[in-house]
Amino acid sequence: MSAMAALFKREIQLSVRVGGGALMGVLFFLIVVTVFPFAVGPDLNLLARLGPAILWIGALLATLLGLDRLYQADQEDGSLDLLLLTDHPLEMVVLIKCTAQWVATGLPLVLAAPLLSLFLNLEPIGIAAVTATLLVGTPALTLIGSVGAALTVILRRGGLLLSILILPLTIPILIFGVSASIGAVTDPAPFTTPFYILCAISLLMLIIGPIASAAALRTAQE
Amino acid sequence: MQLIVKGLSCIRGGRPVLENVTFTLDQGKALVVTGPNGIGKSSLLRTLAGLVHANAGTLTLKGGDEELNVGQQAHYFGHADAIKPALSLKENLDFWQSFYGQPTRTAYEALSEVDLGDLTDMPAAYLSAGQRRRLSLSRLLVCHRPLWLLDEPTSALDAASEHKLEILMAEHLKEGGLIVAATHAPLGLLDPDRLHLGREQIADPFVDETTALSDQPQESDR
């Protein structure tokens, strides 16, 4: 098995076993989205209008949940030192860890979104749109979060600082994600324009995220 | 193969912890680094591994792989065990073997070497401190790297395990490996070179920076 495949397998194993955060994110997502209708009240039209925004905020918060342990767990038990002692580029290691993190925490959110959309009275085309935007948008959330996690890797209780650091950076993703979802069901507003911009942000973060995270991890090692 | 360290200096937190450390270590020899607590033994090992940036000096592993730096050809065995409690002993080892490459023993053989052979499939969470240490040690046995950097390798080990460690170290040296260890254990089997880091070395960095403060281990005539 190649080194990167082994790393991916290990990350997935760690997140689905005891103490891993794989199920935590999707359960939190479920709770947040379920609570909203109780606060908004029984106005179905209002719920349908708010639906995409609720799902996106839920997904954003659920993504944040497990991120603080992304590098910190490895830093604390010394694994991070050992991961650095190879000629595998650190950027690649970061990318694999982020991919595994997304598969374990981001992908379940995308899969749960259609079901939760029913709670929020979204029509079928809206459900498809929200799910599609979450599918292309959540990787960007994980990658931005990875930079924050790398910056706060040596801080105890860095999770809060992590949220404060990266939430402002996720605003563009939130804006384009929600406006694409609303565009799919509201007539004059376009779906494709914000959707393409969302894809572009994800692709951009695919480059910036690993490079910035690796640089932050190297600095933290000093 | 020969490890050549010339004029190695390192500053951490604005304070010099290593100054002008110079030594040469021949193939099949061990170097024992001694000195009082806080003198920079761990920093020396971390600098050799490349985990801490050296401010001055050169590190070369003559006869090693030219493409790799010293740390990439070294096993670093530090205070942290780098063990994932959620994974079984075998999974812990298999990961490092795939990630580092150059496999030598199977996970089962390595675990048998450190008397953990009958616990292969148990989650590492159930291990005692000494067993964790031995599991961590078996990581050095599953893949080949010529240089071993050992930081207090005998901590938490009982007398029998300590003796076993000496045997494993002697085997590694016999196969042409090199060992740099910070330890107070006698290591009777090895007839090591010695490097004593003294208090005068960092007492006043501004007085005299030119004196070679570490004693040069005698060139052995193997």
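To start, this report covers the structure provided alongside it. (Residues numbered from 1 in each chain as written. Chains lettered and ligands numbered in written order. Predicted model: local features only at pLDDT ≥ 70, side-chain atom pairs only at ≥ 80, totals over all residues. Heavy atoms only, no water.)

### Here we look at the interface of chain B and chain A
Tallying the contact residues gives 27 residues for chain B and 28 residues for chain A. Summing both sides of the interface, chain B and chain A together bury roughly 2200 Å²; the carbon and sulfur share of this comes to 62%. Connecting chain B to chain A are four salt bridges. Here Lys-84 of chain B ties to Asp-77 of chain A by a salt bridge, and the two come within 2.9 Å at their closest N and O atoms. Taken together, the links from chain B to chain A amount to eleven residue pairs in polar contact (both at pLDDT 80 or more). When contributions to the side of chain B that touches chain A are tallied by element, the ones reaching two or more residues are helix H1 (41-49), strand E5 (74-77) and helix H2 (89-100) of chain B. (Contact = heavy atoms within 4.5 Å. Buried area = accessible area lost by both parts, 1.4 Å probe. Salt bridge = Lys/Arg side-chain N within 4 Å of Asp/Glu carboxyl O. Polar contact = N/O pair within 3.5 Å; in protein donor to acceptor, adjacent residues only side chain to side chain. Helix = DSSP H or I, 4+ residues; strand = E, 2+ residues; numbered from the N terminus.)

### Description of the pattern of salt bridges
Residues and elements named next belong to chain A. What the rule picks out here adds up to 18 salt bridges over all chains. For Asp-74, the salt bridge is made with Arg-10, and the minimal N-O distance between the two is 3.3 Å. One end of the pair, Asp-74, is in helix H4 (residues 69-76); the other, Arg-10, is in helix H1 (residues 3-16), with 64 residues separating them in the sequence. By the burial criterion, Asp-74 is buried, and Arg-10 matches it. (Buried < 20%, exposed > 50% of the residue type's maximum accessible area, 1.4 Å probe, protein only.)

### Quick word on the pairing of strand E6 (residues 147-151) of chain B
A regular strand carries its side chains on alternate faces of the sheet. All names here are of chain B. Burial analysis of E6 places five of its five residues in the buried class, which makes it a mostly covered element. With burial as the criterion, each face of E6 is covered, one bearing Leu-147, Leu-149 and Asp-151 and the other bearing Trp-148 and Leu-150. For E5 and E6, the ladder comprises four bridges, and the chain directions are parallel. Residue Ala-74 lies in a different strand from E6, and its bridge partner there is Leu-147. With five bridges connecting them, E6 and strand E7 (residues 178-182) associate as parallel partners. Of the residues in E7, the one forming a bridge with Leu-150 is Ala-181. Each parallel crossover has a hand, and the one from E6 via helix H5 (residues 159-174) to E7 is right-handed. (Pairing = 2+ DSSP bridges. Right-handed = clockwise from strand over helix to strand, strands pointing away.)

### What to know about the layout of surface pockets
Residues and elements named next belong to chain A. Empty space within the largest pocket amounts to approximately 620 Å³. Lining the largest pocket are 27 residues, and of these Leu-14, Gly-19, Gly-20, Arg-69 and Ala-73 lie nearest its centre. Breaking the lining of the largest pocket down by element, the ones donating at least two residues are H1, helix H2 (22-40), helix H3 (44-67), H4 and helix H6 (90-119). Grouping the constituent residues of the lining of the largest pocket by class yields twelve nonpolar, eight polar and seven charged. (1 Å grid on protein atoms, 1.4 Å probe; cavity = no way out; pocket = protein on both sides within 12 Å on 5 of 7 lines; lining within 4 Å. Points joined across faces, edges and corners; volume = space filled by probe spheres on them. Nonpolar A, V, L, I, M, F, W, Y, C, P; charged D, E, K, R; others polar.)

### Regarding H5 of chain B
Residue and element names in this part refer to chain B. The first and last C-alpha atoms of H5 sit 23 Å apart over 16 residues, in line with the 22 Å expected at 1.5 Å per residue. Considered for burial, the residues of H5 that qualify are Ser-161, Leu-165, Glu-166, Leu-168, Met-169, His-172 and Leu-173. Angularly, the buried residues of H5 cover 165° about the axis, an arc narrow enough to put them on a single face. Among the exposed residues of H5, those pointing more than 90 degrees away from its buried face are Ala-159, Ala-160 and Lys-174. Close packing links the buried residues of H5 with strand E3 (30-34), helix H3 (107-113), helix H4 (129-142), E6 and E7. Positive backbone phi, approximately 95°, marks Gly-176, located one or two places after H5. (Expected span 1.5 Å × (residues − 1). Arc of directions from axis to C-beta.)

### Some words on unusual backbone geometry
Notably, Asn-20 of chain B is not glycine yet its phi reads approximately 50°, a positive angle. Note that Asn-20 of chain B resides in strand E2 (residues 15-26).

### Some details on the packing of aromatic side chains
Scanning the entire structure with this criterion turns up seven aromatic pairs over all chains. Ring geometry for Phe-99 of chain B versus Tyr-100 of chain B: centroids 6.3 Å apart, planes at 40°, classification tilted. Both residues of the pair, Phe-99 of chain B and Tyr-100 of chain B, belong to the buried class. Put simply, the rings of Phe-95, Trp-96, Phe-99 and Tyr-100 of chain B pair up and form one aromatic cluster. In this structure, Arg-10 of chain A packs its charged tip against the face of Phe-95 of chain B, placed 4.5 Å from the ring centre. The side chain of Arg-145 of chain B reaches across the aromatic face of Tyr-100 of chain B, ending 3.9 Å from its centre. (Phe/Tyr/Trp six-rings, centres within 6.5 Å; stacked < 30°, edge-to-face > 60°. Lys NZ or Arg CZ within 6 Å of the ring centre and 35° of its normal.)

### Considerations on the sheet that holds strand E1 (residues 2-12) of chain B
All names here are of chain B. Ordered by their spatial adjacency, three strands build an open sheet running E2-E1-E4, and the pairing between neighbours is antiparallel. Each of the sheet's edge strands pairs with one partner strand only, and the pair in question is E2 and strand E4 (56-62). Mean inter-strand twist for the sheet, computed between neighbouring axes without regard to direction, equals 15°. Set on the sheet, H1 makes contact with E1, E2 and E4; between it and E1 the angle comes to about 115°. (Axes fitted to C-alpha atoms, helices over the stretch in contact; angles between N-to-C directions.)

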